[in-house]
Amino acid sequence: MILQLSPFMLTSKMSTLLDLPKPRINCSMLSNYINKPVCVAGRVEKVHQSGKSFTLADGEGQTTTVELNDPLEEELCGIVEVLGMVSNKGAVMATTFNMLRDEKGLIPFGVCPLGWTLFDSNCYIYQNVPKTFQAAEAACTALHPSAHLVSIYTVEENNQVKNLITVADPWIGLNDTATDGCFVWTVGQTVALLPFADQLPQIPNGMQECVYIAQTDGKWHADTCNVLKPYVCKRP
């Protein structure tokens, strides 16, 4: 069975960069967002003497340059969240930035553990250790109590998961193991954004089906759940 991405349509024109959706990403992902709006959080490492740019280091130790329209008027340090457009060189052309503080001072930002990738406030990891669907879900939870096989809710998130794949097509969290033909995520929600294509299943009726994502085009396919595949985990 194949699942087809439904078209992603903007319902109205965005008048400014601040109106556009901005996924929160880490520095290693900037090359995938050339000429697109993003949100990047990190620690200020070095401010250029001109005051019109600074180096930002994320939680993975990767860095990028943040370019400003106007020189800084005061000292900049600590953790900042930057909104802006990614240039052809991979720098962030900042529209605005905010210091992340609470009443105790600077607070840490959403940093993913080593090996995990940050995207829009969640952490993702591709595991090239083939397992059955049920064993893969258990392995995700073993990595972190709040981790599960990845659930996908937007076209951008689907593309991000596809880009994580390095070897073979992995399991995602969609399955009909509870009720034949009723597909739900392992976190409990039913599939909404990305419906099945109008094609007959290739698996005999009555057999449990679990879903994996194709590296080539990001489309979803169903297979019997006892097949061994890599998998992608997601955690807050």
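Counting of residues starts from 1 at the beginning of each chain's written sequence and follows it residue by residue. Thresholds applied to this predicted model are a pLDDT of at least 70 for local features of residues and 80 or more for the giving and counting of side-chain atom pairs; totals over whole chains, interfaces and linings are not thresholded and use all residues. Side-chain metrics rest on all non-hydrogen atoms present in the structure, leaving aside hydrogens and water.

### Considering the overall build of the protein chain
Here is step 1 of the chain: Secondary structure assignment for the protein chain yields 2 helices and 17 strands.
Here is step 2 of the chain: Each residue's exposure class comes from its accessible area (1.4 Å probe, protein chains only) as a fraction of the maximum for that residue type: buried when under 20%, exposed when over 50%, partly exposed otherwise. Counting over 236 residues, the protein chain shows a buried share of 44%.
Here is step 3 of the chain: Any two residues having at least one pair of non-hydrogen atoms within 4.5 Å are treated as being in contact. Across the protein chain, contacts joining residues at least 24 apart in sequence account for 63% of those joining residues at least 6 apart.
Here is step 4 of the chain: In the form shown here, the protein chain has an accessible surface area of approximately 12400 Å², with 52% of it arising from carbon and sulfur atoms. Where helices and strands are cited, they refer to DSSP runs of H or I of at least four residues and of E of at least two residues respectively, numbered from the N terminus. For accessible areas, the Shrake-Rupley method is used with a probe of radius 1.4 Å. Any residue's cover is judged against the shown protein chains and nothing else.

### A short note on the packing of aromatic side chains
Here is step 1 of the chain: Stacked, tilted and edge-to-face pairs are distinguished by plane angle, under 30 degrees for stacked and over 60 for edge-to-face with tilted covering the rest, among Phe, Tyr and Trp rings (Trp via its six-membered ring) whose centres lie within 6.5 Å. Scanning the model with the defined rule gives 6 aromatic pairs in all.
Here is step 2 of the chain: Ring centres of Phe54 and Phe97 lie 6.0 Å apart, and the angle between their planes is 70°; this geometry places the pair in the edge-to-face category. Of the two residues, Phe54 is situated in strand S4 (residues 53-57) and Phe97 in strand S7 (residues 92-99); the sequence distance between them amounts to 43 residues.
Here is step 3 of the chain: On the numbers, 5.6 Å between centres and 80° between planes, the contact of Trp185 with Trp220 is edge-to-face. Of the two residues, Trp185 is situated in strand S14 (residues 182-185) and Trp220 in strand S16 (residues 220-224); the sequence distance between them amounts to 35 residues. Of the two residues, Trp185 and Trp220, neither departs from the other in class, the shared state being buried.
Here is step 4 of the chain: Note that Lys229 overlies the ring of Trp171, its terminal NZ or CZ placed 5.5 Å from the centroid.
Here is step 5 of the chain: Note on criteria: charge over ring means Lys NZ or Arg CZ within 6 Å of the ring centre, with the direction from the centre no more than 35 degrees off the ring normal. A cation sits over an aromatic face here: Lys229 above Tyr212, 4.1 Å from the ring centre.

### Overview of the pattern of salt bridges
Here is step 1 of the chain: For this analysis, a salt bridge means a side-chain nitrogen from Lys or Arg found within 4 Å of a carboxyl oxygen belonging to Asp or Glu. As enumerated under the stated definition, the model contains 2 salt bridges in all.
Here is step 2 of the chain: For the salt bridge of Lys234 with Glu157, the shortest nitrogen-to-oxygen distance reads 2.7 Å. With Lys234 in strand S17 (residues 229-235) and Glu157 in helix H2 (residues 155-164), this residue pair connects regions lying 77 residues apart in the sequence.
Here is step 3 of the chain: Its relative accessible area of 5% is what places Glu157 among the buried residues.
Here is step 4 of the chain: Between Lys229 and Asp223 there is a salt bridge; the shortest N-O distance is 3.5 Å.

### What to know about the environment of His148
Here is step 1 of the chain: Residue position: His148 is located in strand S12 (residues 148-149).
Here is step 2 of the chain: In this structure the C-alpha to C-alpha distance between His148 and Tyr124, which are 24 residues apart in sequence, comes to 9.9 Å.
Here is step 3 of the chain: Setting aside chain neighbours within four positions, we find His148 in contact with Glu137, Cys140, Thr141, Thr186, Val187, Val232, Cys233 and Lys234.

### Details of the state of the cysteines
Here is step 1 of the chain: Cysteine sulfurs are considered disulfide-paired once they come within 2.5 Å of each other. Following the criterion strictly, the structure yields 2 disulfides and no others.
Here is step 2 of the chain: Through a disulfide, Cys140 is tied to Cys233; the S-S separation comes to 2.0 Å. Where Cys140 bonds to Cys233 through sulfur, the torsion about that S-S bond is close to -80°, and the disulfide is left-handed. Pair noted here: Cys140 is in helix H1 (residues 133-143) and Cys233 is in strand S17, with a separation of 93 residues, a long-range link.
Here is step 3 of the chain: Given the relative accessible area of 0%, Cys140 is considered buried.

### Remarks on the environment of Pro170
Here is step 1 of the chain: You can see Pro170 is positioned in the loop between H2 and strand S13 (171-179).
Here is step 2 of the chain: Residues Pro170 and Lys131, 39 residues apart in the sequence, show an inter-C-alpha distance of 9.6 Å.
Here is step 3 of the chain: Apart from residues lying up to four places away in sequence, Pro170 is in contact with Tyr126, Ile165, Tyr212, Ile213, Pro230, Tyr231 and Val232.

### Some thoughts on H2
Here is step 1 of the chain: Across the 10 residues of H2, 7 count as buried, placing the element largely inside the fold.
Here is step 2 of the chain: Where H2 is buried, its residues contact strand S10 (117-119), strand S11 (122-131), strand S15 (209-213), S16 and S17.

### Regarding a negative patch on the surface
Here is step 1 of the chain: A surface patch of like charges, here negative, comprises Asp70, Glu73, Glu74 and Glu75.
Here is step 2 of the chain: Mapped onto the elements of the fold, Glu73 is located in the loop between strand S5 (63-67) and strand S6 (79-86). Residues forming no salt bridge and having over 30% relative accessible area are the ones grouped into patches, like charges within 9 Å of each other and nonpolar side chains (Val, Leu, Ile, Met, Phe, Trp, Tyr) within 5 Å. Charge assignment in this entry is limited to Lys and Arg as positive and Asp and Glu as negative, and neither His nor the chain termini are counted. Charged groups are reduced to one reference atom each: NZ for lysine, CZ for arginine, CG for aspartic acid, CD for glutamic acid.

### Thoughts on the environment of Thr179
Here is step 1 of the chain: Within the secondary structure layout, Thr179 lies in strand S13.
Here is step 2 of the chain: Taking the relative accessible area as the measure of exposure, Thr179 reaches 46% and is therefore partly exposed.
Here is step 3 of the chain: Along the chain, Thr179 and Gln208 lie 29 residues apart, while their C-alpha atoms are 8.4 Å from each other.

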